[in-house]
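Residue-level listing of the chains:
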Amino acid sequence: MVFHYDVIVIGGGHAGCEAAAAAANIGAKTCLITMDMNKIGQMSCNPAVGGIAKGQIVREIDALGGQMGKVTDATAIQFRMLNIGKGPAVWSPRAQCDRGKFIWEWRKELDQTPNLDIWQDQADELLVENGEAVGVRTIWGVDIYAKATIITAGTFLNGLMHVGRKMVEGGRCAEPAVHNFTESITRWGITAERMKTGTPVRIDKRSVHFEDMEEQPGDNSYHQFSYFGPHHVLPQLPCWTTYTTKECHEILRSGLEDSPLFNGQIQSTGPRYCPSIETKLVTFPDKDQHPLFLEPEGTDTNEMYLNGFSSSMPMDIQLEAIHKIPALRDAKVYRPGYAIEYDYFDPTQLKHSLESKIIKGLFFAGQVNGTTGYEEAGGQGTVAGINAAIYCGGGEPFVMNRDESYIGVLIDDLVTKGVDEPYRMFTSRAEYRILLRQDDADARLTEKSHELGLAKRDRYDWWLQKKEGIEKIIDFCERTPIKADKINSQLEALGTTPLRAGCKLIDLVVRPKLNLKNLSDIIPELKELIGSFENRNEEIAEAAEIRMKYKGYIDRENIVAEKMRRLENIKIKGRFNYAELQEISIEGRQKLQRIDPETLAQASRIPGVSPSDINVLLVLLGR
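None of these values were measured; they are calculated from a predicted model.

**Thoughts on the overall build of the protein**
A count of helical and extended segments in the protein gives 21 helices and 21 strands. The C-alpha atoms of the protein give 26 Å as radius of gyration, which agrees with the globular expectation for 623 residues (25 Å, within 12%). Projected onto the principal axes, the alpha-carbon positions of the protein cover approximately 80 × 70 × 50 Å. Relative to its full complement of 623 residues, the protein shows a buried share of 58%.

**Points about the sheet that holds strand β4 (residues 76-82)**
The antiparallel open sheet is built from 3 strands, whose spatial order is β3-β5-β4. Each of the sheet's edge strands pairs with one partner strand only, and the pair in question is β3 (48-50) and β4. Across the sheet, the mean angle from the axis of one strand to that of its neighbour is 15 degrees, orientation sign disregarded. By the bridge criterion, 6 bridges tie β4 to strand β5 (residues 92-97) in an arrangement that is antiparallel. Directly across from Arg80, in β5, lies its bridge partner Arg94.

**Regarding the packing of aromatic side chains**
As enumerated under the stated definition, the model contains 9 aromatic pairs in all. Both rings, one in Tyr273 and one in Phe426, keep their centres 4.6 Å apart while their planes meet at 75 degrees; by these two values the pair is edge-to-face. Placement of Tyr273 in the loop between α6 (246-254) and α7 (277-283) and of Phe426 in the loop between α10 (406-417) and α11 (441-452) is noted, with a sequence separation of 153 residues between them. On the basis of an interplanar angle of 35 degrees and a centroid distance of 5.9 Å, the ring pair of Phe576 and Tyr578 is categorised as tilted. When the ring centre of Tyr5 is taken as reference, the NZ or CZ atom of Lys29 above it lies at 5.2 Å. Lying over the aromatic face of Tyr423, Arg429 brings its terminal NZ or CZ to 4.2 Å of the ring centre.

**Here we look at the state of the cysteines**
Going through the model one piece at a time under the given rule, you end up with 0 disulfides. Among the cysteines around Cys248, which has no disulfide bond, Cys274 carries the closest sulfur, lying 17 Å off. Residue Cys274 stays outside any disulfide, its sulfur separated by 6.1 Å from that of Cys45, the closest cysteine.

**Some thoughts on the pattern of salt bridges**
Oppositely charged side chains can pair when the atoms bearing their charge come close. Tallied over the full model, the rule gives 48 salt bridges. Measuring nitrogen to oxygen at the nearest pair gives 4.0 Å for the salt bridge that ties Asp288 to Lys246. Of the two residues, Asp288 is situated in the loop between α7 and β15 (291-296) and Lys246 in helix α6; the sequence distance between them amounts to 42 residues. Looking at Lys246, the relative accessible area reads 48%, which means it is partly exposed. Where Arg402 meets Asp413, a salt bridge forms, and the shortest distance between an N and an O atom there is 2.8 Å. Here Asp413 lies in helix α10 and Arg402 lies in the loop between α9 (374-393) and α10, a separation of 11 residues in the sequence. Considered together, Arg402 and Asp413 belong to a single accessibility category, that of buried residues. A cluster of three or more residues bridged by salt bridges with shared partners is formed by Arg402, Asp412, Asp413, Lys417, Glu431, Glu568 and Arg605.

**Things to note about unusual backbone geometry**
Even without being a glycine, Asn83 presents a positive backbone phi close to 65 degrees. Topologically, Asn83 is positioned in the loop between β4 and β5. A residue is classified by how much of its surface remains accessible, and Asn83, at 23% relative accessible area, is partly exposed. One non-glycine residue, Arg536, adopts positive backbone phi at about 55 degrees. For Arg536, the location among the structural elements is in the loop between α16 (524-531) and α17 (537-549).

**Overview of helix α4 (residues 99-111)**
Helix length check: α4 (13 residues) gives 19 Å between terminal C-alpha atoms against 18 Å at 1.5 Å per residue, within 8%. Those residues of α4 that sit buried are Arg99, Phe102, Ile103, Glu105, Trp106, Arg107, Glu109 and Leu110.

**Details of the nonpolar core**
In this structure, Val7, Leu126, Phe181 and Phe364 are the most contacted members of the largest nonpolar core, which totals 93 residues. It is α9 that provides the largest number of residues to this core, a total of 9 residues. If sequence neighbours within four positions are ignored, Val7 has contacts with Ala23, Ala28, Lys29, Thr30, Cys31, Ala146, Ala148, Ile150, Ala388, Ala389 and Cys392. Core analysis: the second largest hydrophobic core is formed by 30 residues, Ile506, Val509, Ile523 and Ala543 among them.

**Description of the environment of Thr283**
Tracing the backbone through its elements, the reader meets Thr283 in helix α7. Among the residues examined, Thr283 registers a relative accessible area of 48% and is labelled partly exposed. Within the local environment of Thr283, its side chain forms a polar contact with the backbone oxygen of Thr279, the two atoms lying 2.7 Å apart.

**Section: the side chain of Asp412**
Residue placement: Asp412 occurs in helix α10. Once residues within four sequence positions are removed from consideration, Asp412 is found in contact with His352, Arg402, Lys417, Gln602 and Arg605.

Each value, and the rule that gives it
Every chain begins its residue count from 1, and numbering advances along the sequence as written. Owing to the predicted nature of the model, reporting of local features is limited to residues with pLDDT of at least 70; listing and counting of side-chain atom pairs is limited to 80 or more, with chain, interface and lining totals taken over all residues. Side-chain measures here rest on the full set of heavy atoms in the structure, leaving out hydrogens and waters. Each helix is a run of DSSP H or I of at least 4 residues and each strand a run of E of at least 2, with the numbering of both proceeding from the N terminus. The quantity called the radius of gyration is restricted to C-alpha atoms. Its globule counterpart is 2.2 Å times the number of residues to the power 0.38. Under the scheme applied here, a residue whose accessible area is under 20% of the maximum for its type counts as buried, over 50% as exposed, and between as partly exposed, the area being computed with a 1.4 Å probe on protein chains only. DSSP bridges decide pairing: two strands pair if at least two such bridges lie between them. Between N-to-C directions, angles span 0 to 180 degrees; the directions come from axes that are lines fitted to C-alpha atoms, helices contributing only their stretch in contact. Here a pair means two rings of Phe, Tyr or Trp (six-membered ring of Trp) with centres within 6.5 Å. Their orientation is stacked below 30 degrees between planes, edge-to-face above 60, and tilted elsewhere. Think of it as a cone above the ring: NZ of Lys or CZ of Arg counts as a charge over the ring if it is within 6 Å of the ring centre and within 35 degrees of the ring normal. Cysteine sulfur atoms that come within 2.5 Å of each other are treated as a disulfide pair. The working definition used for a salt bridge is a side-chain nitrogen of Lys or Arg within 4 Å of a carboxyl oxygen of Asp or Glu. The length a helix should cover is 1.5 Å for every residue beyond the first. Buried Ala, Val, Leu, Ile, Met, Phe, Trp, Tyr and Cys residues that are joined via side-chain atoms within 4.5 Å together make up what is termed a nonpolar core. Every residue pair with non-hydrogen atoms within 4.5 Å of one another is taken to be in contact. Counting of polar contacts relies on pairs of N or O atoms within 3.5 Å, with two restrictions inside protein: one atom must be capable of donating a hydrogen and the other of accepting it, and residues adjacent in sequence are counted only when both atoms are side-chain atoms.

This is the structure in structure tokens:
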């Protein structure tokens, strides 16, 4: 049997779903190949979306016209805005989701997407002709041909799970590993390595002593991920916090000789920023306790996720250690935690479009590029889907710079620096995080996406409404005079210094203890203006307030970003034979030859390429 498409997407995880939706929505005839249609968008680990910097990525996906934000909002059972006590550059939305409903919401989105077919099967061989990917052959002998192929296979490629000394092949618990497919890719010169990740034990909430835990409620604010869809569709549930104990640690230490991480059984590298509980004990031997977060898996299940207790220790050790935690002394578990090793491909062999430098028409996204996290996967999937659709039509690739999005930072880090451990996004990875806030993702990306055809008219119209609303509020604040004698008593009541003379309203907005909300309570005209917006008026006001309060910082960072953009405009790919450049360091020559950067700015970010090496290139370019 033979099928023909414009774009094939292999894998129905977070990268695959976004890639398939993006390509199809742009207009490419797309086929999503997945092993199980009933587990599309499966949250393999924590059923939560967002977090520090990850939440910004989800906002960016939404601004581009992607689906993760909408699916999350429709299935969220707790929402929190993290870092709200700090500056808005690091505010990060996070939502706990109903795991089962998340899958079916994604399935509904894909089922309703024009130009998109789903085929339940397993890719077995990549088909390549004349250095170009032309499709795949499945384990059932079906040949599916396409102009572009996107690989988003997650942890399934030669997946191997570990619990103590027991090893079982699989891409996820109770799901088979994919053999042969990695080898059908590496035979063409693409290199593969191994990584490791893990997940914790799942707890039956009926056996938990919640009276010995601290409740962690969500926010009741207006925030959510997408600017579309209703607010808080599902019942909102609390999470719970507790700590490990000395007794728990003693049990875990007694089992270290049977831990796959320390007995030589696992050779690959795991995620630095999401370590297993046994890694925490070895890394921090003096700590008597570590925080744990017990989080609900949904509204209709007793299953709970023990965040902070990822482990691949033997089953009996995991259970015995858990029972040394007072709140979990009688805990029943659904299954133990486990580690999983899997194949990934060196991302420095990719272009910024996520197309392979070695095989034309072949794109990679998600954990196969060495990342960890649903959000990082979704961001890559969106970019891969866009560029695969563009590739079919012969257009210029869609690439975001580091000052345009966290997704741009993520992809630039991957293709420029590579990975030696699972990559996780943080706000600290972005040089321009004041420009990459969660409130302004649509300002940065929606117009570009609308031009591509991914952000549809309703998404674009919402951005225009928001843009107009922001401008109206800022203009009102810049023009409106405030008289001292009319407002000083209210200012003192709000804990801020009274005015000595009149001023413009914007001069009050920038004060630390004042904001548009408490000012609107004492200035009726401001309240009326904010209330006049038809949709999401609180979000519009928040965005306007941030622009006014942090204008100096934003302007200064824009100046720095503009200087770097000049280097981004200096194209160097194909202009040098680096092996012959004796004027630069040996390490610089080797790294430049291997990465073959597109621009001088990208070259400057390669580890091992020094500022003096960049100056040499500038001189040779005649700059």
